Amino acid sequence: MTSPSLPPVLAATAPASAKLEIGGRPSSISPEPSEREPLRSPGSDAAASADSGSSPRQGLRPGNAKESRADQAQTQQPHVNDGEGEENSWSLFIYDVFCIFWSLVVSIFFRAINARNVHSIPRTGPVIFVVAPHHNQFIDPLILLKHSPRRVYYLVAAKSMRQKFIGFYGRCLRGIPVERAADLAKLGTGSVRVPDPSQQPTRVVGIGTRFTSELKPNERIAIGNASSRVVSVISDTELEVQAPGFSNAGEKIVEALSSKAGASFKCIPHLSYDQTYKAVYDRLNHGECVGIFPEGGSHDRTQMLPLKAGVALMALGAMSANPDLNIKIVPTGLNYFHPSKFRSRAVIEFGYPIEVPREMVELYKRGGDGKRRACNELLETISEALKNVTINTPDYETLQLIQAGRRLYRPGNLHLSMNQQVELTRRFVK
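What counts, and where the lines are drawn
- Residues numbered from 1 in each chain as written.
- Predicted model: local features only at pLDDT ≥ 70, side-chain atom pairs only at ≥ 80, totals over all residues.
- Heavy atoms only, no water.
- Helix = DSSP H or I, 4+ residues; strand = E, 2+ residues; numbered from the N terminus.
- Buried < 20%, exposed > 50% of the residue type's maximum accessible area, 1.4 Å probe, protein only.
- Contact = heavy atoms within 4.5 Å.
- Phe/Tyr/Trp six-rings, centres within 6.5 Å; stacked < 30°, edge-to-face > 60°.
- Lys NZ or Arg CZ within 6 Å of the ring centre and 35° of its normal.
- Salt bridge = Lys/Arg side-chain N within 4 Å of Asp/Glu carboxyl O.
- Pairing = 2+ DSSP bridges.
- pLDDT = per-residue confidence, 0-100.
- Axes fitted to C-alpha atoms, helices over the stretch in contact; angles between N-to-C directions.
- Left-handed = near helix turned anticlockwise from the far one by under 90°.
- Nonpolar A, V, L, I, M, F, W, Y, C, P; charged D, E, K, R; others polar.
- Expected span 1.5 Å × (residues − 1).
- Patch = residues over 30% accessible without salt bridge, like charges linked within 9 Å, V, L, I, M, F, W, Y side chains within 5 Å.
- Areas by Shrake-Rupley, 256 points an atom, 1.4 Å probe, with all protein chains shown as cover.
- Parallel < 35°, antiparallel > 145°, perpendicular 65-115°, else oblique.
- Core = buried A, V, L, I, M, F, W, Y, C linked by side-chain atoms within 4.5 Å.

Caption draft 1: Representation of the overall build of the chain. What the chain contains, in helices and strands, is 13 helices and 17 strands. The buried share of the chain, reckoned over its 430 residues, is 50%. Of the contacts made within the chain by residues no fewer than 6 positions apart, 73% connect residues no fewer than 24 positions apart.

In structure tokens, the structure reads:
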């Protein structure tokens, strides 16, 4: 059974008689009979990680009651030198204090968190952690901060950084603010119609609108959850958008645009991300680690959202600006047993670092089609790497079926740890 995308959750925490909750939904599938003492997981050290393509039973064996000693040792050791010698030592001290505080909070919220393949994280040099799937904007970053042996600085939505509480902690953790155009969207005056969607799908006509003062070329006009780039503003009541316009926006939106009353709309500004990229490049040039959630938003689906191009642009842009830079991209998967339940459990798994080929950087430098091709190739590589550290099913029902099959498959005398449950579920998906 195969899935093209990526997700999160597993069900297995409560007693066998209790109902489980996966991704916020109830499930009657019972957990493994004995999960109280996690056993040694295959793939928790370098030798075992190579068996991901083998049969489900291969590599799953009962072990002692401890997780991988190598991963435990690397998780518990203090932060290594990130190349921050010129950084303000006081700000790093504050960062470490807040990391300790939030690690304690995470330890209280979760009953157990297992880390796999911590040893694969590069000990020095610039690193980009790409983390998926993104379930919770508060919990997900803290789990990585707790288990990474290096300091990780996240890209944080500027809207969140402007909030009093979140902004305070974001600045203490040296977050990098990134403005999102959707956060700056404003409700437009009047309503809009597409009078002739079959012959002129890109022609948008306004009713009581002020296009010349509210919209400019390259900005976006949004209707519901669909948006289109403005090509030209003809007058206060007429503009042209990029093809195919809103013809593929969905039945309800198309009906609203065809009605006499029209549909309400929002104006989304066009932003320059030069300052954000510069801040990321500076961190990477100092040999630091940057964390990013490439899906661009949190969700509770059983598969990963399409990845945004930002992570590819950051890696390729930094290496094209500095030929001596060698960035490693570490895919990081989050697997929750109960994503919103207190005292639940989770597994964080680190994949092997992705090296960005110099040929891809040269292709990026050409610009135009070469730049797009380089970004798409790197994004595809990252997506495939994330599939190896996450569980991906097309829908919730498929996930339930796979978990039921995993429980039936398990021999009666074999007790699976959390890591083994995640690995076996992933193999059934494949």
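What follows picks up the thread again.
Caption draft 2: Structural view of the packing of aromatic side chains. For the structure shown, the criterion picks out 15 aromatic pairs. Ring geometry for Phe109 against Phe342: centres 5.9 Å apart, planes inclined by 75°, an arrangement best described as edge-to-face. Of the two residues, Phe109 sits in helix H2 (residues 89-109) while Phe342 sits in the loop between strand S15 (328-336) and strand S16 (344-350), which places them 233 residues apart along the sequence. Centre to centre, the rings of Phe165 and Tyr169 are 4.7 Å apart; their planes meet at 65°, and the pair counts as edge-to-face. Here Tyr169 and Phe165 lie together in helix H5 (residues 164-172), a separation of 4 residues that amounts to about one turn. An aromatic cluster is present here, built from Phe98, Phe101, Trp102, Phe165, Phe168 and Tyr169 joined pairwise through their rings. Directly above the ring of Tyr153 sits Arg174, whose terminal nitrogen or CZ lies 4.4 Å from the centroid.

Caption draft 3: Inspection of the side chain of Arg283 at higher detail. Tracing the chain through its elements places Arg283 in helix H8 (residues 274-285). When sequence neighbours within four positions are dropped, the list of residues in contact with Arg283 reads Tyr153, Arg174, Ile176, Glu288 and Val290.

Caption draft 4: Seen up close, the pattern of salt bridges. With the rule as written, the count across this model stands at 18 salt bridges. Across the salt bridge formed by Glu349 and Arg426, the nearest N and O atoms sit 3.0 Å from each other. Separated by 77 residues along the polypeptide, Glu349 in strand S16 and Arg426 in helix H13 (residues 418-429) bring together distant segments of the chain. Arg426 gets classed as buried once you look at its relative accessible area, which sits at 3%. A salt bridge links Glu423 to Arg427; the shortest N-O distance between them is 3.0 Å. With a gap of 4 residues between them, Glu423 and Arg427 both fall in helix H13, about one helical turn apart.

Caption draft 5: How the structure looks around the pairing of S16. Burial analysis of S16 places 7 of its 7 residues in the buried class, which makes it a mostly covered element. Burial of the side chains of S16 extends over both faces: Ser344, Ala346, Ile348 and Phe350 are buried on one face and Arg345, Val347 and Glu349 on the other. Examined bridge by bridge, strand S3 (residues 110-116) and S16 share 6 bridges and lie parallel to one another. Note on S16: the bridge partner recorded for Phe110 is Ser344.

Caption draft 6: Just the confidence of the model for the chain, in detail. The pLDDT averaged across the chain works out to 80; a share of 80% of its residues lies at or above 70. Every residue in residues 1-86 scores below 50 in pLDDT, and together they form 257 contacts with partners more than four places removed in sequence or on other chains.

Caption draft 7: Up close: the packing of helix H10 (residues 358-365) against helix H11 (residues 368-387). Here H10 crosses H11 at 145°, and the two axes come no closer than 6 Å. In this structure, H10 crosses over H11, and the sense of that crossing is left-handed. Along the contact surface, H10 presents Met360, Leu363 and Tyr364, while H11 presents Gly370, Lys371, Arg373, Ala374, Cys375, Glu377 and Leu378. Looking at the contact of H10 with H11 residue by residue, the class counts come to 6 nonpolar, 1 polar and 3 charged.

Caption draft 8: Just H13, in detail. Over its 12 residues, H13 runs 17 Å from end to end, which matches the ideal 16 Å to within 8%, given 1.5 Å per residue. Within H13, 11 of the 12 residues are buried, which leaves it mostly tucked inside the rest of the structure. Among all positions of H13, only Met418, Asn419, Gln420, Gln421, Val422, Glu423, Leu424, Thr425, Arg426, Arg427 and Val429 are buried. The inward-facing, buried residues of H13 contact S3, S15, S16, H11 and helix H12 (396-409).

Caption draft 9: Here's a closer look at a nonpolar patch on the surface. Together, Trp90, Phe93 and Val97 line one region of the surface with nonpolar side chains, adding up to about 340 Å² of accessible area. Looking at where Phe93 falls in the secondary structure, it is placed in helix H2.

Caption draft 10: The packing of helix H9 (residues 310-321) against H10, seen in detail. At a minimum axis distance of 9 Å, the contact between H9 and H10 shows a crossing angle of 90°. The angle between H9 and H10 places the two elements in the roughly perpendicular class. Seen from H9, the contacting residues are Leu313, Leu316, Gly317, Met319 and Ser320; seen from H10, they are Arg358, Met360, Val361, Tyr364 and Lys365. Along the lines of polarity and charge, the residues of the contact of H9 with H10 split into 6 nonpolar, 2 polar and 2 charged.

Caption draft 11: Representation of the nonpolar core in the model. In this structure, Ile128, Leu316, Ile329, Leu378 and Ile382 are the most contacted members of the largest nonpolar core, which totals 38 residues. Sorting the residues of this core by element identifies strand S4 (127-132), strand S6 (176-178), H8, strand S14 (289-292), H9, H10 and H11 as the ones contributing at least two each. In this structure, Leu378 is in contact with Ala312, Ala315, Leu316, Ile329, Val356 and Met360, ignoring residues within four places of it in sequence. Ranked by size, the runner-up nonpolar core spans 35 residues in total, among them Met161, Leu173, Cys289 and Tyr336.

Caption draft 12: Region of the structure containing the sheet that holds strand S8 (residues 191-193). Read across the open sheet, the 7 strands follow the order S7-S13-S10-S11-S12-S9-S8; overall the sheet is antiparallel. Each end of this open sheet is capped by a strand with a single partner; those strands are strand S7 (186-187) and S8. As paired elements, S8 and strand S9 (residues 203-207) share 3 bridges and run antiparallel to each other. Bridge pairing links Arg193 to Val205 in S9. Sitting on the sheet, helix H7 (residues 251-258) is in contact with S8, strand S10 (220-223) and strand S11 (226-235), with an inclination near 95° to S8.

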